[in-house]
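Breakdown of the fold
Letter by letter, the chains look like this.
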Amino acid sequence: MTTVSNVLMINAATSAAVSSNYTNNNCDILGIQVTGTFSSATLYIQGMVNTDSNTWVNLAALNLTDFDVENAGITSAGLYEYGIEGVMMVRANVSAVSGGNIYVYGKFASSANN
């Protein structure tokens, strides 16, 4: 596995926030780590294939703690993985946070042998 880039997508947000848009440079995996002091939060990782449409779609995550699939957004700190092959743009969207702050770290990676 080759790491293409590491990014701090959300930095200590204490209210709703949307990250910058990140271009997927031929990666097929996005690893996410969610940390912070929040008591409750809802985070969506969103993707877009057709960048002309500007329509963001919530992506399902694999929770790496219990291997559940998170379809309704991430609501707890932890490690998550997304399949992003074919997705052109990615962003983090914190729709709500209370009782503290939230950090979202991302690692874009390629499983191809380089």
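You'll find the structure just up there.
Scope of this entry: the structure provided in the associated data block. Treat the numbers as computed from the prediction; the structure is a model and nothing was measured.

Quick notes on the rules
Residues numbered from 1 in each chain as written. Predicted model: local features only at pLDDT ≥ 70, side-chain atom pairs only at ≥ 80, totals over all residues. Heavy atoms only, no water. Buried < 20%, exposed > 50% of the residue type's maximum accessible area, 1.4 Å probe, protein only. Helix = DSSP H or I, 4+ residues; strand = E, 2+ residues; numbered from the N terminus. Pairing = 2+ DSSP bridges.

1. So, the pairing of strand S5 (residues 40–48)
With seven of nine residues buried, S5 is to be regarded as a mostly interior element. One ladder, built from nine bridges, connects S5 with strand S10 (residues 89–98); its direction is antiparallel. Bridge pairing links Gly47 to Val90 in S10. When S5 meets strand S6 (residues 57–58), the two strands line up antiparallel, connected through two bridges. Bridged to Gly47 within S6 is Val57.

2. Re the pairing of strand S4 (residues 29–36)
Relative to strand S9 (residues 78–83), S4 is paired through six bridges, and the arrangement is antiparallel. If you follow Leu30 over to S9, its bridge partner there is Tyr82. Bridge count between S4 and strand S11 (residues 102–110): eight bridges; the pairing is antiparallel. Residue Ile32 lies in a different strand from S11, and its bridge partner there is Gly106.

3. Things to note about unusual backbone geometry
The backbone of Ala12 sits at a positive phi, close to 60°, despite the residue not being glycine. Relative to the helices and strands, Ala12 is located in strand S1 (residues 2–13). Ala12 gets classed as partly exposed once you look at its relative accessible area, which sits at 27%. In this structure, Phe67 takes a positive phi of about 65° despite not being glycine. Residue placement: Phe67 occurs in the loop between strand S7 (61–63) and strand S8 (69–70). Classification of Phe67 by relative accessible area gives exposed; the value is 58%.

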